[in-house]
Amino acid sequence: MKVVLQNLTKKYPSRNKNSRGEVVAVNDFSFEIPDGQLIGLLGPSGCGKSTTLNLLSGLQKPTSGRIFFGDDDVTRLPAEKRGVGVVFQNYALYPHLTVLQNILFPLQNLKGKDRLSKSAMLEKANEVARLVQIDGLMDRRPSELSGGQQQRVAIARALVKMPRILLMDEPLSNLDARLRLQTREEIRRIQRETKITTVFVTHDQDEAMSISDMIVVMKDGVVQQIGKPQEVYDDPVNLFVAKFLGTPPINVFRGSVRGGRLYIGEDVLLRVNGVPDQQVFVGIRPEGFVLNDRGAFGCALGRVEVMGRDISVVAAHPNAESPTVRAIISAENRANVAAGEVRFDVKPGKVFLFNQATQERIRFKTDGRGSDT
């Protein structure tokens, strides 16, 4: 099912007694979700992602704009008539009902021509239980299940009606790290098997990037960037997106462009052809550093963390926005901890420039380091 959002806006009255204005939770959001894809709505708390999900589900009504499921305008349609399945962060299972009864509950509330026979209900419940791999737990109650098993029950209950779209609001937040990884892989498998258009809300960029066909990065109710996860990571449109995506996060420095060269402090990193002289923010991904004793960029060496396949070089620089500069290099290389300083070259494709006033991306072409050689 294709889902289209047209200029979707949601405003709330301000709770500030000294202000009579409105709070804009979602601001002019337009996007087309292709049929059968999994879309990650991503951003920090308060960015508007859960409000967007509630507008899609019908739990809230938009201030303006329209929502289409396929060719149907569902903007004013009640939640129970939209044909959506919703999975919440807290599972929302009925504690006195068994797993089977929890899964059956949505089917038992169908009315009229949509009402199924008892045998048909049982067949559907068993089918989705097998899909989410809980068919051996049907007689248990939620208190007898692990967090991951309870989340699978919640997913099965949302799927049993074969919804037009599936909405998931922070579904993994209550799980430990290992179980979160396993469950997100299961969610992706289930989505691919059912081919149900799915919207997955999370503040965890690792989750969004690992399972989404496309991600939507939001801030303060405004969409910042939409695209395939790797494309957004490799080509952020502004400093917020660059900082929000990536583990470890991008390193940000105060720099300047002078005479077509990029400076951080007195070090010349790259030629940046076509960029006027100005003060800039310089973002360098941790994997964008190349260890080189005669490299263009020097930092004060803090420590070296061995991570198996890779090594994390932890350093500091007076022009860095963060106290820590982190570089990820191959374990085949070795940094001399006793030296006190570490020097790097940088990979041009992992270096991003941003306007210091607007924080918008400044694009450039380079033909290498900024020296005259």
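Placed above this text is the structure.
Here's a quick rundown of the structure. (Residues numbered from 1 in each chain as written. Predicted model: local features only at pLDDT ≥ 70, side-chain atom pairs only at ≥ 80, totals over all residues. Heavy atoms only, no water.)

Structural notes on the pattern of salt bridges
Opposite charge on two side chains permits pairing when their charged atoms draw close. If you walk through the whole model with that rule in mind, you get 16 salt bridges. In this structure, the salt-bridge partner of glutamate 207 is arginine 180, at a minimum N-O distance of 3.7 Å. Within this pair, whereas glutamate 207 is found in helix H6 (residues 205-211), its partner arginine 180 is found in helix H5 (residues 177-194), the two being separated by 27 residues in sequence. Residue class for arginine 180 comes out partly exposed when judged on its relative accessible area of 22%. For glutamate 186, the salt bridge is made with arginine 189, and the minimal N-O distance between the two is 2.6 Å. In this pair, glutamate 186 and arginine 189 are both assigned in helix H5, three residues apart and thus about one turn of the helix distant. Overlapping salt bridges, with partners in common, bring together Arg152, Glu186, Arg189 and Glu193 in one network. (Salt bridge = Lys/Arg side-chain N within 4 Å of Asp/Glu carboxyl O. Helix = DSSP H or I, 4+ residues; strand = E, 2+ residues; numbered from the N terminus. Buried < 20%, exposed > 50% of the residue type's maximum accessible area, 1.4 Å probe, protein only.)

Description of the pairing of strand S13 (residues 267-271)
Here strand S12 (residues 261-264) runs beside S13; their pairing, made up of four bridges, is antiparallel. Its bridge partner lying in S13, tyrosine 263 is registered against valine 268. Joining the antiparallel neighbours S12 and S13 is a turn of two residues, in which glycine 265 adopts a positive phi near 65°. (Pairing = 2+ DSSP bridges.)

A short note on the side chain of glutamine 150
Within the element layout of this structure, glutamine 150 appears in helix H4 (residues 147-159). Overall, the relative accessible area of 18% leaves glutamine 150 in the buried class. A distance of 3.4 Å separates a polar atom in the side chain of glutamine 150 from the backbone oxygen of leucine 145. Leaving out residues up to four positions away in the same chain, glutamine 150 has contacts with Tyr91, Leu93, Pro142 and Leu145. (Polar contact = N/O pair within 3.5 Å; in protein donor to acceptor, adjacent residues only side chain to side chain. Contact = heavy atoms within 4.5 Å.)

A closer look at the environment of isoleucine 155
Along the chain, the position of isoleucine 155 falls in helix H4. Since its relative accessible area comes to 3%, isoleucine 155 is described here as buried. Sequence separation between isoleucine 155 and isoleucine 103 is 52 residues; the distance between their C-alpha atoms is 9.0 Å. Excluding residues within four positions of it along the chain, isoleucine 155 makes contact with Val87, Val132, Met168, Ile187 and Ile190.

Looking at the packing of helix H2 (residues 99-108) against helix H3 (residues 118-131)
Their axes nearest at 10 Å, the elements H2 and H3 cross at an angle of 125°. The pairing of H2 with H3 is recorded here as oblique in orientation. Seen from above, H2 lies across H3 with right-handed handedness. Within the contact between the two elements, H2 uses Leu100, Ile103, Leu104, Leu107 and Gln108 and H3 uses Met121, Leu122, Lys124, Ala125, Val128 and Ala129. (Axes fitted to C-alpha atoms, helices over the stretch in contact; angles between N-to-C directions. Parallel < 35°, antiparallel > 145°, perpendicular 65-115°, else oblique. Left-handed = near helix turned anticlockwise from the far one by under 90°.)

Quick word on the sheet that holds S13
Here six strands make up an open sheet; going across it, the order is S13-S12-S11-S14-S20-S21 and the pairing antiparallel. Across the chains shown, the open sheet's two edge strands, defined by having one partner strand only, are S13 and strand S21 (361-362). Relative to S21, strand S20 (residues 351-355) runs antiparallel, the two sharing two bridges. For leucine 353, the partnering residue across the bridge sits in S21 and is isoleucine 362.

Here we look at the nonpolar core
Formed by 34 residues in total, the largest nonpolar core has its most connected members in Ile103, Ile134, Ile155, Leu159 and Ile187. If you list the elements that add at least two residues to this core, you get H2, H3, H4, strand S7 (165-169) and H5. The dominant element in this core, judged by the number of residues it contributes, is H4, at six residues. One finds Leu262, Val272, Phe297 and Phe344 within the second-largest nonpolar core, a separate group that totals 30 residues. (Core = buried A, V, L, I, M, F, W, Y, C linked by side-chain atoms within 4.5 Å.)

Brief notes about the packing of aromatic side chains
The geometry of an aromatic ring pair is captured by two quantities: the separation of the ring centres and the angle between the planes. Throughout the structure, instances matching the rule amount to six aromatic pairs. Ring geometry for phenylalanine 29 against phenylalanine 31: centres 6.5 Å apart, planes inclined by 15°, an arrangement best described as stacked. On the basis of relative accessibility, which here comes to 11%, the residue phenylalanine 31 falls in the buried class. Between the aromatic rings of phenylalanine 253 and phenylalanine 297, the centroid separation amounts to 5.3 Å while the plane-to-plane angle is 90°, which identifies the pairing as edge-to-face. Of the two residues, phenylalanine 253 sits in strand S11 (residues 251-258) while phenylalanine 297 sits in strand S16 (residues 297-306), which places them 44 residues apart along the sequence. Each of the two residues, phenylalanine 253 as well as phenylalanine 297, counts as buried. Ring-pair connections join several aromatic residues into one group, and the members of that group are Phe253, Phe289, Phe297 and Phe344. For the cation-ring pair, arginine 258 lies above tyrosine 263, with the distance from its terminal atom to the ring centre recorded as 3.7 Å. Geometry around tyrosine 233 places arginine 285 over its ring, the cationic atom sitting 3.9 Å from the centre. (Phe/Tyr/Trp six-rings, centres within 6.5 Å; stacked < 30°, edge-to-face > 60°. Lys NZ or Arg CZ within 6 Å of the ring centre and 35° of its normal.)

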